[in-house]
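# Summary of structural features
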Amino acid sequence: MRPLSLSRDVQPVLSAAERRRFDERPDATFYDSPRFVTHADDAFLARVTDLYADVLDPGDRVLDAMSSWVSHLPGEPSEYEVVGHGLNAEELAANDRLDEWFVQDFNADRSLPLATGGFDAVCCAVSVQYLQYPGAVFAEFARVLAPGGVLIVSFSNRMFPTKAIRAWREASMEGRADLVCRYVDAAGGFGEPTVVRDRPGRDPFYAVVARRQNRS
Ligand SMILES: C[S@@+](CC[C@H](N)C(=O)[O-])C[C@H]1O[C@@H](n2cnc3c(N)ncnc32)[C@H](O)[C@@H]1O
């Protein structure tokens, strides 16, 4: 797959200090070995699935960005057409929800090798804290979404602390929701984001949901 158009220039949302991590080695090194674990408690993950069931329609073309061996999608694998993206090929190969997948470090390369307007939904679960240039990546999410398509970014308070950016590590949960809303605004092309808050289990549940506006 090759990009059909280049992403527009997006001003960085974060300062150099805000995007710093304790571990500045290339992310591919950190994700070299597969981790067949889950990254939030079962109640949180069930809440992600419920949100997807509310927002997605059968047959939707879904990009599961920053994915792993699990996508948290409801229903049967045939229900959606899913392209997965992540950093570990073994994890992605083991994910039975993905029809195809690719590996790409978003902190090194922020242009998605995907057609413009080819998706009805972009899902990004418990991973946004690792993006150093989130405005540019979210602009690519906007580009690949069809008009009316939806971006769903879920997160909690868990993270790999050495790899999460400083702005995320130092923020409260509400501050993190504000950050993700800033990423959506900076990307352009989205309507006003909605923040979903819940406490289904031990891990607090947050999701930012934004709709791709019609192209003018
Ligand atoms: C905590 S895991 C969550 C994976 C999956 N979404 C889930 O719910 O299990 C974080 C994921 O973020 C992705 N990731 C981390 N840093 C990344 C980077 N620099 N570029 C692209 N993806 C990255 C990797 O795919 C990694 O599996």
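Our subject is the structure that appears above.
Quick notes on the rules
Position numbers for residues count from 1 along each chain, tracking the sequence in the order it is written. Local features in a predicted model are, by the rule used here, given only for residues with pLDDT of at least 70; side-chain atom pairs are given and counted only at 80 or more, and totals for whole chains, interfaces and linings are based on all residues. Hydrogens and water are ignored here; the side-chain numbers use all heavy atoms of the structure. Secondary structure elements follow DSSP: runs of H or I no shorter than four residues count as helices, runs of E no shorter than two count as strands, and numbering proceeds from the N terminus. Between the first and last residue of a helix there are one fewer steps than residues, each counted as 1.5 Å, and that sum is the expected span. Burial classes: relative accessible area under 20% of the type maximum marks a residue as buried, over 50% as exposed, and values in between as partly exposed (1.4 Å probe, protein chains only). Throughout, a contact is declared for two residues whenever any of their heavy atoms are within 4.5 Å. At least two DSSP bridges between two strands are needed for those strands to be called paired. Lines fitted to the C-alpha atoms define the axes, with helices restricted to the stretch that makes contact. Angles between their N-to-C directions range from 0 to 180 degrees. What counts as a salt bridge is simple: a side-chain nitrogen of Lys or Arg found within 4 Å of a carboxyl oxygen of Asp or Glu. Two rings from Phe, Tyr or Trp (for Trp, the six-membered ring) form a pair when their centres sit within 6.5 Å of each other. Planes less than 30 degrees apart are called stacked, planes more than 60 degrees apart edge-to-face, and all others tilted.

## Some thoughts on helix α6 (residues 173-187)
- The first and last C-alpha atoms of α6 sit 21 Å apart over 15 residues, in line with the 21 Å expected at 1.5 Å per residue.
- For α6, the set of buried residues is M173, R176, A177, L179, V180, C181, Y183, V184 and A187.
- Where α6 is buried, its residues contact α4 (134-144), β5 (145-155), α5 (166-169), β6 (194-198) and β7 (205-211).
- Count one or two residues on from α6 and you reach G188, which has phi positive near 75 degrees.

## Examining the sheet that holds β6
- Ordered in space as β3-β2-β1-β4-β5-β7-β6, the seven strands form an open sheet in which the pairing is mixed. Of all strands in the sheet, those bounded by a partner on one side alone are β3 (100-103) and β6. Taken over all neighbouring pairs, the strand axes of this sheet differ in orientation by 15 degrees on average, direction set aside.
- Of the pairings in the sheet, the one linking strand β1 (residues 61-65) to strand β2 (residues 81-86) comprises four bridges and is parallel in character.

## Brief notes about the pattern of salt bridges
- Tallied over the entire structure, the rule returns 12 salt bridges.
- Residues E24 and R21 are paired through a salt bridge, measuring 2.8 Å at the closest nitrogen-oxygen approach.
- Notably, a salt bridge pairs D198 with R47, separated by 2.6 Å at the nearest N-O pair. In this pair, D198 is assigned in strand β6 and R47 in helix α2 (residues 42-55), connecting sequence segments 151 residues apart.
- The exposure class of D198 is partly exposed, given its relative accessible area of 32%.
- The buried category is assigned to R47, whose relative accessible area is 19%.

## Quick word on the packing of aromatic side chains
- Counting across every chain of the model gives 11 aromatic pairs.
- Seen in terms of ring centroids, F30 and Y31 are 5.0 Å apart; in terms of plane orientation they differ by 75 degrees. Their pairing is edge-to-face. For the pair shown, F30 and Y31 are each scored as buried.
- An aromatic cluster is defined as three or more aromatic residues linked by ring pairs; in this entry it consists of F30, Y31, Y130 and F160.

## Some remarks on α2
- With 14 residues, α2 extends 20 Å between its outermost C-alpha atoms, agreeing within 8% with the 20 Å of an ideal straight helix rising 1.5 Å per residue.
- As for α2, its buried residues are in contact with β4 (119-125), β5, β6 and β7.

## Description of the environment of Q129
- Along the polypeptide, Q129 turns up in the loop between β4 and α4.
- Note: C-alpha distance between Q129 and R166 (37 residues apart in sequence) is 9.1 Å.
- Those residues in contact with Q129 that sit more than four places away from it in its chain are R158, M159, K163, A164, I165 and W168.

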